[in-house]
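A closer look at the structure
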Amino acid sequence: MKTRAAVAFEAKKPLEIVEVDLDGPRHGEVLVEIKATGVCHTDAYTLDGLDSEGLFPSILGHEGAGVVLEVGPGVTSLKPGDHVIPLYTPECRQCKSCLSRKTNLCTAIRGTQGKGLMPDGTSRFSYKGQAIHHYMGCSTFANHTVLPEIALAKIRPDAPFDKACYIGCGVTTGVGAVIHTAQVEPGANAVVFGLGGIGLNVIQGLKLVGADKIIGVDLNDSKAEWGARFGMTHFVNPLKVQGDIVAHLVELTGGGADYTFDCTGNVDVMRQALEACHRGWGESIVIGVAPAGAEIRTRPFQLVTGRVWKGSAFGGARGRTDVPKIVDWYMDGKIEIDPMITHTLPLERINEAFDLMHAGESIRSVIVF
Ligand code: NAD
Ligand code: AHE
Ligand code: ZN
């Protein structure tokens, strides 16, 4: 079939809206009509050529929601008409990682996914006879896409696509990092670095679990109001702190934070986040994705003295199990999504979504088809 897609033909160039060819679903695969997709900073990072796994040409996008149109042979858990959220972290429930119960990082198809291909090693997308790579196993910047069955969470049909899509990455990543990865307890104090589409969801996760002090850190003063809107109790702009930012945060938290979260992708900030943790027990969760080649540094003494450095992908959530629950939380009013979606745009204006993000003017832009 033909479908409309925003194609990344080259790094650092605007996406181009073209009609691409899409092959139907093969064994274990599902054809999905994407109704809406968010634009996450990770899409921008890949488009900017910062991703060591970045491939071109490709169809980016990994934060979508849509409807199943057709299922391939062997698909048993989904049928046409089901509402779904694509999962860049699938859940096969059979691989060593899924069975370990120690991680959400299913390994069933990670190898081919990182090469921009479906599990059988081929692409379903092409343009003028040339194959186009899939992205993070999702490619939600296309009106139609094909995914493996294990990479789709079935969600309730009354959830609006243009809001539920954000659960496909940002909401689950932020709230999940608090609940699954850090397992923050009521009364804890926390520092969140970077109050964008992810950081604000960390803040609302901290509020949900009953954290005490919730300190937000951002270079952009306009984020102070945003943080407060979702439960932040204190705002710090490092550019306005006299002296060392880490010392300032340690003082503000009465000796160091119980938990810190990096939502910037900046390795210097990751170091500050670790060192702002309380001696003996503070845990720092790395969520931000750093450019290819970047490395984190600290004095080993920081770890010897009990601070813990952890990472979190997709908020530690098991997609097929946890995503439908997060959709319920949203529909039941336990978490908020609507105010964070600052811009809703048609596919033709997708490049504006990247501009708004880079200018710090949006929290989340959602593209509707
Ligand atoms: P965003 O652009 O919406 O927000 C980033 C925020 O960080 C902005 O408010 C910006 O002002 C702030 N910031 C930038 N540099 C800073 C600094 N030095 N100090 C303090 N604040 C600073 O981006 P987003 O969509 O929220 O994504 C945040 C990061 O999380 C990105 O690196 C993205 O790739 C990553 N991410 C990771 C996962 C995961 O599963 N681990 C999932 C989604 C996104
Ligand atoms: N491809 C990059 C790493 C990118 C990355 O870390 N992605 C996160 C999700 S970001 C969503 O917005 C993730 O889930 N990582 C785990 C995984 O298996 O990719 C690189 O450095 O090569
Ligand atoms: Zn994302």
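Criteria and thresholds
Residues numbered from 1 in each chain as written. Chains lettered and ligands numbered in written order. Predicted model: local features only at pLDDT ≥ 70, side-chain atom pairs only at ≥ 80, totals over all residues. UniProt positions renumbered as here; feature names shortened; annotations may be inferred. Core = buried A, V, L, I, M, F, W, Y, C linked by C-beta atoms within 7 Å. Buried ≥ 20, exposed ≤ 12 C-beta atoms within 10 Å, placed from the backbone. Domains from an automatic or database assignment. Contact = placed C-beta atoms within 7 Å. Helix = DSSP H or I, 4+ residues; strand = E, 2+ residues; numbered from the N terminus. Near = placed C-beta within 6 Å. Nonpolar A, V, L, I, M, F, W, Y, C, P; charged D, E, K, R; others polar. Pairing = 2+ DSSP bridges.

Labelled according to an unreviewed UniProt entry, the chain appears under the name S-(hydroxymethyl)glutathione dehydrogenase, originating from Asticcacaulis aquaticus. Quoted verbatim from the Sequence similarities (unreviewed entry) field of the UniProt record, the comment on the chain reads "Belongs to the zinc-containing alcohol dehydrogenase family. Class-III subfamily." Turning to the chain, the UniProt annotation filed under Cofactor (unreviewed entry) states: "Zn(2+)".

1. Some words on the nonpolar core
Within soluble globular proteins, side chains that are nonpolar generally end up buried alongside one another. Ranked by internal contacts, the top residues of the largest apolar core, which has 106 residues, are A190, V191, V192 and F261. Counting contributing residues per domain, this core is built from domain 1 (2-168 + 337-368) and domain 2 (174-313), each supplying no fewer than three. In contact with V192, other than residues within four places in its own chain, are G199, V202, I203, G216, V217, F261 and C263.

2. Quick look at the UniProt feature "domain: Enoyl reductase (ER)" (unreviewed entry) in the chain
Under the UniProt annotation, the feature "domain: Enoyl reductase (ER)" (unreviewed entry) is placed at residues 13-367. Secondary structure within residues 13-367 divides into 27% helix and 22% strand; the distance between the first and last C-alpha atoms comes to 19 Å.

3. Points about the site of ligand 2
Taken together, C40, T42, D51, S52, E53, T89, L105, R110, C169, V289, A313 and F314 make up the full set of residues adjacent to ligand 2. Classifying every residue of the shell around ligand 2 by side-chain character gives six nonpolar, three polar and three charged.

4. Here we look at the environment of T140
Following the sequence through the fold, T140 ends up in the loop between β7 (130-132) and β8 (144-148). The exposure class of T140 is buried, given the 35 C-beta atoms found within 10 Å. Along the backbone, T140 and R93 are 47 residues apart, and their C-alpha atoms lie at a distance of 24 Å. Contact partners of T140, with chain neighbours within four places excluded, come to I34, T37, G61, H62, E63, G64, P86 and T145.

5. Section: the pairing of strand β3 (residues 29-39)
Across the eleven residues of β3, nine count as buried, placing the element largely inside the fold. Where β3 meets β8, five bridges bridge the pair, whose relative direction is antiparallel. Residue L31 lies in a different strand from β8, and its bridge partner there is V146. Pairing geometry for β3 and strand β4 (residues 64-71), over seven bridges, is antiparallel. Looking across to β4, one finds that L31 is bridged to E70.

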